[in-house]
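Architecture and fold: a report
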Amino acid sequence: MTTLITNIQELIQVRESNILKVSGQDMKRLPTIKNAYLLIDDDTIVGYGPMDDCNNMEADTVINASGKLVLPTWCDSHTHIVYAGNREQEFVDRINGLSYEDIANRGGGILNSAEKLQLTSEDDLYIQSANRLKQVMKLGTGAIEIKSGYGLTVEAELKMLRVIKRLKQNFPLKVKATLLAAHAVPKEYKDNKEGFVDLVINELIPKVAKEQLAKYIDVFCEKGYFDLNDTERILKAGKLHGLVPKIHVNQFNAFGGIEVAVNNQALSVDHLEELTLNDIEVLKTGETMPVALPSCSYFLSIPYTPGRKLIEAGLPLALATDYNPGSTPSGNMNFVVSTACIKMKLTPEEAINAATINGAYAMGISNMYGSITRGKKANIIITKPVPSYAYLPYAFGNNHIETVIINGQIV
Ligand code: NIG
Ligand code: FE
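Residues numbered from 1 in each chain as written. Chains lettered and ligands numbered in written order. Predicted model: local features only at pLDDT ≥ 70, side-chain atom pairs only at ≥ 80, totals over all residues.

Taken as a whole, the protein is organised into domain 1 (2-72 + 371-410) and domain 2 (75-361). Look at where the C-alpha atoms of domain 1 and domain 2 centre, and you get two points 29 Å apart. With 26 residues of domain 1 in contact, the opposing surface of domain 2 contributes 29 residues. Of all the elements in the fold, those that place two or more residues in the side of domain 1 that touches domain 2 are strand 5 (69-72), helix 15 (391-394) and strand 15 (401-406). At three residues, the largest contribution of residues to the side of domain 1 that touches domain 2 is made by strand 15. Split into classes, the residues belonging to the side of domain 1 that touches domain 2 amount to 16 nonpolar, seven polar and three charged. (Domains from an automatic or database assignment. Contact = placed C-beta atoms within 7 Å. Helix = DSSP H or I, 4+ residues; strand = E, 2+ residues; numbered from the N terminus. Nonpolar A, V, L, I, M, F, W, Y, C, P; charged D, E, K, R; others polar.)

Encoded structure:
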């Protein structure tokens, strides 16, 4: 089955060579072809170029994209879309003056979601999560990372990871699973955090690794949650079982978590709303991708990750949603790209690079996703007629997507 897209006003993020990420000044460059065609064979991109080179080309399906843009689907490298119920009451409590921290301290927050999840059957959890996944695909997401972390018991964590596995089997988009083993200290371990970390290391990690339910290991490294020593222990245990670190760090406090992550060859460090000069120097020494989550900053009214500082230091940057019931009940990468431009002062080129190729890198899949490259998966967005790619983040809050193709199929 071949699909030919013709008369594309501009084909965005065309990368001839198979680069895995873009950093620093290179992020300002977004390679495109104007008045282009794109050829797909089954689930793979097999050709593209200027319309002049498209003479007499035939295909099973032809789509005329006159006046429209074509770009790779978004690569959302940080989500928690497997969760039970919602937390809109906490949203109202915050409007009325409580802080995110106040809510967590009185047993709300992650513990609230964990209680709901423990009481939800695996099938019900699957249905709720599948609905969110359908919704984000329509919004142009073609690859997604999903974390556990609302289980807080061995059984409930395994339940979450089995749901992620079913989503992976039943949906066309690329799904990568992360064991967020230490997301919060469960009530039963309130005065025995060590005991919980021991449980994670001795029971949870080996079980998850044995059943191959996750590829990555995550920790919420933050004051009141897990400290540097806990983080180091968990990352090392995960690595011993073949899990690659990818952590929550520097959301509210900067106290050295990035160094622990980089020293353990983390694939990504995510949040970074608080960042020191030393953190930037440490990031320069490794291959770890910094990931910003601007819709979390928006929703919680906390600082935005200083993306400009990272890029100007020559570093790469990825953008992701953080879709979860507490800090970001939204999986809209279009909003993330807009917000990165508006609030973090990324240029449209930088934001699109961050949400495609660099997002793919933060999931370890940029060899197959994140750009229009021969041999990569045919995961593309066709926009409605729009004047230019800068118009996408500029006209924020509007839906500019007409068609989403994942694995060569319209979704
Ligand atoms: O990435 N920061 C930690 N975890 C999630 C939110 C957790 C919650 O409030 O449910 C995050 O923001
Ligand atoms: Fe998160």
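Moving on from the coordinates now.
Attention now moves to the packing of helix 6 (residues 193-210) against helix 7 (residues 228-240). Between two packed helices, the angle of one axis relative to the other and the distance separating the axes together describe the packing. At a minimum axis separation of 10 Å, helix 6 and helix 7 run at an interaxial angle of 10 degrees. Here helix 6 lies roughly parallel to helix 7, going by the angle between them. In this structure, helix 6 contributes Val197, Val200, Ile201 and Ile205 to the contact, and helix 7 contributes Asp230, Arg233, Ile234, Ala237 and Gly238. Along the lines of polarity and charge, the residues of the contact of helix 6 with helix 7 split into six nonpolar, one polar and two charged. (Axes fitted to C-alpha atoms, helices over the stretch in contact; angles between N-to-C directions. Parallel < 35°, antiparallel > 145°, perpendicular 65-115°, else oblique.)

Those residues of helix 3 (residues 110-118) lying buried are Ile110, Leu111, Asn112, Ser113, Ala114 and Leu117. On its buried face, helix 3 sits against helix 2 (100-105), helix 4 (122-138) and helix 5 (154-170). (Buried ≥ 20, exposed ≤ 12 C-beta atoms within 10 Å, placed from the backbone.)

Moving on to the UniProt feature "binding site: Zn(2+)" (unreviewed entry) in the protein. Following the UniProt record, one finds the feature "binding site: Zn(2+)" (unreviewed entry) at His78, His80, His248 and Asp322. Look at the named residues: they lie 245 residues apart in sequence, but the longest C-alpha span between them is just 12.0 Å, so in the fold they bunch up. Its place among the elements puts His80 in the loop between strand 6 (74-76) and helix 1 (88-95). Overall, His80 belongs to the buried group, with 28 C-beta atoms counted inside 10 Å. By the element assignment, His248 lies in strand 10 (residues 244-249). Among all residues touching His248, those that are not within four sequence positions of it are Asp218, Val219, Phe220, Cys221, Asp270 and His271. (UniProt positions renumbered as here; feature names shortened; annotations may be inferred.)

Looking now at the packing of helix 12 (residues 333-344) against helix 13 (residues 348-355). Axis separation between helix 12 and helix 13 bottoms out at 9 Å; the angle between their running directions is 140 degrees. On the basis of the axis angle, helix 12 is oblique to helix 13. Seen along the crossing, helix 12 lies across helix 13 with a hand that is right-handed. In contact with Met333, Val336, Val337, Ala340 and Cys341 of helix 12, helix 13 contributes Pro348, Ala351, Ile352, Ala354 and Ala355. Of the residues contributing to the contact of helix 12 with helix 13, the split by class is 10 nonpolar, no polar and no charged. (Left-handed = near helix turned anticlockwise from the far one by under 90°.)

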